[in-house]
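Remarks on the overall topology
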Amino acid sequence: MASLRLAVAQLDTVVGDLDGNAERIVHALDRAEAEGADLLVTPELAITGYPPEDLLLKPGFVGDNLVALEKVATATRRCAAVVGFVDRVGPPAPAAGRAVGDDRLAGSPAGRLANAAAVCAGGVVVGVYRKRLLPNYGVFDEERWFEPGEEPLHLYEIGGLRVGVSICEDVWFDGGPVRALAAGGAQVVVNLNASPYSIGRRAERLALLRHRVEEAGCAIAYVNQVGGQDELIFDGASLVVAADGALLAAGSQFTPELFCVDLTGPEGRPGSAPAPDGVPAQLGTTALGTTAFGATALGATALGAHVPARPPLPARPVPEPLDPAAEVYQALVLGTRDYLTKNGFSDAVIGLSGGIDSSLVAAVAVDALGAAHVHGLSMPSRYSSEGSRTDAEELARRLGIDLRVVPIEAAHSAAAELLAPVLGGPPRGLTDENLQSRLRGLLLMAVSNDRGWIVLTTGNKSEMATGYSTLYGDSAGGFAVIKDVSKTLVYELCRHRNAVAEVAGAGGPIPRAVIDKAPSAELRPDQRDDQSLPPYEVLDPVLRAYVEQDRTAAELVADGFDPVVVDQVVRLVDGAEYKRRQMPPGVRVSTKAFGKDRRMPITNRYRSSPGAGAVVS
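Figured I'd write up the structure that's included with this text. Predicted model, so just to flag it, every value in this text is computed and none were measured.

Think of it this way: side chains of opposite charge can pair up when their charged atoms draw near. Enumeration over the complete set of coordinates arrives at 37 salt bridges. Of the charged contacts in the structure, one is a salt bridge between Glu548 and Lys461, with a shortest N-O distance of 2.8 Å. One end of the pair, Glu548, is in helix α14 (residues 536-548); the other, Lys461, is in helix α11 (residues 461-466), with 87 residues separating them in the sequence. Residues joined in a network through salt bridges with shared partners are Asp12, Asp338 and Lys342.

Have a look at this one:
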């Protein structure tokens, strides 16, 4: 019986690290050879890292990516490899000859490009597939850089099974390349991915793959990238689904790893779906490491040697999916770790107020970097409660991090004295509140400059959405760990982190008093967040509908939300756009985060509800 041993490599690549990424792939190839694998599959654009964005405008970058691919191809022996890279479609076209409205790089110095996968075996590249369906929505802008593949589809005979190649978006649509490959005789389709994480994404992918194998009638191996790239998190969670919809193997979430699975018999039965219009029922086939089919294989060329009998793989249980809170928490840890380490930061400093947001950020940072690399700065003011001061100290003790206390009263008084002649008296109201926040930002950035530590900001999505933050104050920093985490989810994540510690036999790192007390910025006497905003349990559902689902104010009211609350929230969100444009990057965990996802104009007079107004910062 034909048997294909497939090695799935969930790699944590680094954008632009061409040599390093090639080394990661070669290391995975060596492991695959040692496991007796016939085929190694890597993530989408594994050579360049994903997404390379406007690095693709540089001809030298594209050329160096091709050199790195050659290094990987040269390293292949008996085990074949499918490797993601950037391919040149053709030479650069003169700028004057560029078609009006063509946003691709036809007129750029780098030339016309394709998001591609190289099939490598025996030291050479034996074939190339170019992605046919290019996503251009949400965080994706592939039509800016790439042209869709149009060349005839091709199959590769590996381990006695006919294998087709596809890339990411190609698997998401009915009647697409996967169906065409199966109709042409593919028994297994490998799908290279750089699919960003959002809450519940793994279950969505599995449902999609089961639908696709039902349509195509062949097995699908969905191989996903792991790691953080700026705002994006890639969660791995690769999936191998049999032709009958059974989940044969899966990768862990948020963890780089290589695992193998044997595809035999029913898992790789020939496709039975009819060919879409204009697609031939049979495709060209190249045989790698076995004897060609003969009559059913077109243009077959045998490469490599037949694989001898090998012992079966040990049983590998399919990892259970994480629950939503655990999933989000691990995404925050991975995103923070990769952003800092990939950008050369070993340590982080956090302003610890004794509140729940800074407590969560500190816990995430410790889990990402280790306690020795996380530093807290407590900066109490005349309005800081004794409980907040002691809560910050207790949090630092439980996490095992260094905490320095720098009261801001002297600076606050000095700044008020300096401003009095200009303002006609001491700062009052919001001016005085924001002055305190900006003094704290000044201190944190001074420590960052002196020690080389990155400042992690502590604002959450609810605050960022409504503008309930101080520009150049609590927004000052290098990375916003929880910028895509609503306030109600912040509480859930803190309870989750404490529960994990308790299961491990340790005390929870976040003091109970932090979770129980009413949220407050403590910038004036007896201040509470719900004096400026609706209660978070009321606010967050409105924000999800308005920001993530793009509902209008009228639609929100029709959905049953309080019209007064809707009017207030819409005015706050629309008026804070200029603030959000200046916020640091942070981990994306929702289906629509501020930044790459949601791109609203700052100058914007459209109002879907009566009244308008910006939050003055």
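Its location among the elements puts Ala480 in strand β21 (residues 479-480). As for Ala480 and Val361, which are separated by 119 residues in sequence, their C-alpha atoms are 8.9 Å apart. Once residues within four sequence positions are removed from consideration, Ala480 is found in contact with Thr457, Pro584, Pro585, Gly586 and Val587.

Another aspect to go through is the sheet that holds strand β14 (residues 257-264). In space, the six strands of this open sheet follow the order β5-β4-β3-β2-β1-β14, with mixed pairing throughout. Every other strand in the sheet has two partners, leaving β5 (124-130) and β14 as the edge strands with one partner each. Ignoring which end each strand starts from, the neighbouring axes of this sheet average 35 degrees apart. Sheet analysis places strand β4 (residues 112-121) next to β5, joined by six bridges and oriented antiparallel. Following the sheet pairing, Ala121 is matched in β5 by Val124. Lying on the sheet, helix α1 (residues 18-34) is in contact with β1 (3-10), β2 (39-41), β3 (80-90) and β14; it crosses β2 at an angle near 145 degrees. On the sheet, helix α2 (residues 59-75) packs against β3, β4 and β5 and is oriented at approximately 150 degrees with respect to β3.

Our focus in this paragraph is the pairing of strand β20 (residues 454-457). Burial along β20 is two-sided: the face carrying Ile454 and Leu456 and the face carrying Val455 and Thr457 are both buried. Bridge analysis of β20 against β21 gives two bridges, and the strand direction is parallel. Counted as the bridge partner of Thr457 is Ala480 from β21.

So, on to unusual backbone geometry. Between Tyr50 and the following residue, Pro51, the backbone shows a cis peptide bond with an omega angle of -5 degrees. Inspection of the secondary structure assignment puts Pro51 in the loop between β2 and α2. Backbone geometry places Ala237, a non-glycine residue, at a positive phi of 55 degrees. Relative to the elements of secondary structure, Ala237 occurs in the loop between β11 (232-235) and β12 (239-241). We classify Ala237 as buried; its relative accessible area is 0%.

With that out of the way, let us pick up helix α8 (residues 386-399). The end-to-end C-alpha distance of α8 is 20 Å, a good match for the 20 Å that 14 residues give at a rise of 1.5 Å each. Looking at α8, one finds that the buried residues are Ser388, Asp391, Ala392, Leu395, Ala396 and Leu399. One face of α8 carries all of its buried residues, which in axial projection span an arc of 135 degrees. Every exposed residue of α8 that faces more than 90 degrees away from the buried side is listed here: Glu386 and Arg397. Residues of α8 that are buried in the fold lie against α7 (356-369), β19 (402-405) and α13 (512-516). The positive-phi residue at the C-terminal boundary of α8 is Gly400, with phi of around 75 degrees.

This part takes up the sheet that holds β19. Strands pair in a sheet through their backbones, by hydrogen bonds, and they do so in one of two ways: parallel or antiparallel. Pairing in this open sheet of five strands is parallel, and the strands run β19-β18-β17-β20-β21 from one edge to the other. Looking at which strands have only one partner, the edges of the open sheet turn out to be β19 and β21. Along the sheet, α7 makes contact with β17 (348-351), β18 (374-378) and β20, crossing β17 at roughly 165 degrees.

Here is what the cut-offs are and how they apply
- Position labels on residues start from 1 in each chain and follow its written sequence.
- Selection of residues for local features in this predicted model requires a pLDDT of at least 70, selection of side-chain atom pairs for listing and counting requires 80 or more, and totals for whole chains, interfaces and linings are taken over all residues.
- Note that water and hydrogens are dropped before the side-chain values are worked out from all heavy atoms of the structure.
- Each reported salt bridge corresponds to a side-chain nitrogen of Lys or Arg within 4 Å of a carboxyl oxygen of Asp or Glu.
- Here a helix means four or more residues in a row that DSSP labels H or I, a strand means two or more in a row labelled E, and each is numbered from the N terminus.
- Pairs of residues are marked as contacts when any of their non-hydrogen atoms sit within 4.5 Å.
- In this description, strands pair whenever DSSP reports at least two bridges between them.
- A fitted line through C-alpha atoms represents every axis, and for helices the fit uses only the stretch in contact; the resulting angles, taken between N-to-C directions, go from 0 to 180 degrees.
- Only protein chains enter the calculation, and the probe is 1.4 Å; a residue is then buried if its accessible area is under 20% of its type maximum, exposed if over 50%, and partly exposed in between.
- Multiplying 1.5 Å by the helix residue count minus one yields the expected span of that helix.
- Along the arc lie the directions from the helix axis toward the C-beta atoms.

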